[in-house]
Amino acid sequence: HYKQRKVEYYLHLSRESGERSKAKMIVSSSFVIATLLATLSTTTHALNLSFTPSINGRRSFLQKVSVVTAGSFSTASGGSLFASKPALAAAPAQVAQLIKVTPISHTFVSSVTPEKAAVKPLRENDATRFLTNARIVHAFYDGADDRAQKSFGEVLDLTVKRKKNEGAGVTPGTVHLLCSDDTCGLYKDIEGLSILKDSSSKSLKDTLDRLPSGDVVILGLKKSIGTIGNGKLVEETGGICGLNVGGQRGGGVISILLNGPRYSEPVFVVDGAYSTSTILWYDI
């Protein structure tokens, strides 16, 4: 009888201990959840970031987006339950880079993200692929007019050949040059190039609407007016024609800069709300 009572006594203590443990766990869990919610509500905030979209859409790359970030959730004891992720830093207002041009490396592509903005070497063959896959290409240049016209002719010839031969990553179609009467004649001998004369009675959008979706229209040479000025023209064209700006995806509006700044004079990869041309091409 004594042993039976002793066993019952210990069972009673065990049940009481178990109930107390469960109660502690419930209180502790409720406290942690309440702490998480309170901390989240005070640490969550919105940041305005400016970035591209491609190439970037590819390249008035700046768009205002709302990004929600949260700090570490801390317990009452000061420990961290979850590791915090640092918010993406906004792209710098201005990024300058010196370009080293060599016979092997004379074509480049601009890459702009919230984390980094840079101009990187690109094979000539890959540079023409960007041009073949765009819907509209603005052509800007720096330096002497005659050198730019010669370089532009080479770019057109290589782009037409790449478009004609197609290959991996190339959208089938025709390359058109939209030019004025006084400049069309300079490139009329390029085999396979379609010449469209600029007309005040027909808008660029009207011209595009009449062309197959795989065709690309390259606009005649224009003197560069800097990263901001060029970027505004590209952005405006995209808005009028209802096209993405940048080279991340095909079918948008991009630009090429011929014989831009090099060596001791920097290229402004980013300037204000705009990035430099998608493709930079130098004569050698």
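The structure reproduced in this document is the subject of the present report. Everything quoted here is computed from the prediction, not taken from an experiment.

A few points about helix 6 (residues 226-241)
Taking 1.5 Å of rise per residue, the 16 residues of helix 6 would be expected to cover 22 Å, and the 23 Å separating its terminal C-alpha atoms lies within 8% of that figure. Those residues of helix 6 lying buried are Thr227, Gly229, Asn230, Gly231, Val234, Thr237, Gly238 and Cys241. On its buried face, helix 6 is in contact with strand 6 (136-141), helix 5 (204-209), strand 11 (253-258), strand 12 (267-271) and strand 13 (274-275). Among the residues trailing helix 6, glycine 242 stands out with phi positive, at a value near 70°.

Here we look at the pattern of salt bridges
Scanning the entire structure with this criterion turns up seven salt bridges. Residue lysine 205 is joined to aspartate 209 by a salt bridge in which the shortest nitrogen-to-oxygen separation is 3.5 Å. Highlighted residues: lysine 205 and aspartate 209, both in helix 5, separated by four residues, approximately one helical turn. Owing to a relative accessible area of 34%, lysine 205 belongs among the partly exposed residues under this scheme. Under the relative-accessibility criterion, aspartate 209 is labelled exposed at 55%. A cluster of three or more residues bridged by salt bridges with shared partners is formed by Arg123, Asp126 and Arg129.

Rules of the game
Residues numbered from 1 in each chain as written. Predicted model: local features only at pLDDT ≥ 70, side-chain atom pairs only at ≥ 80, totals over all residues. Heavy atoms only, no water. Helix = DSSP H or I, 4+ residues; strand = E, 2+ residues; numbered from the N terminus. Expected span 1.5 Å × (residues − 1). Buried < 20%, exposed > 50% of the residue type's maximum accessible area, 1.4 Å probe, protein only. Contact = heavy atoms within 4.5 Å. Salt bridge = Lys/Arg side-chain N within 4 Å of Asp/Glu carboxyl O.

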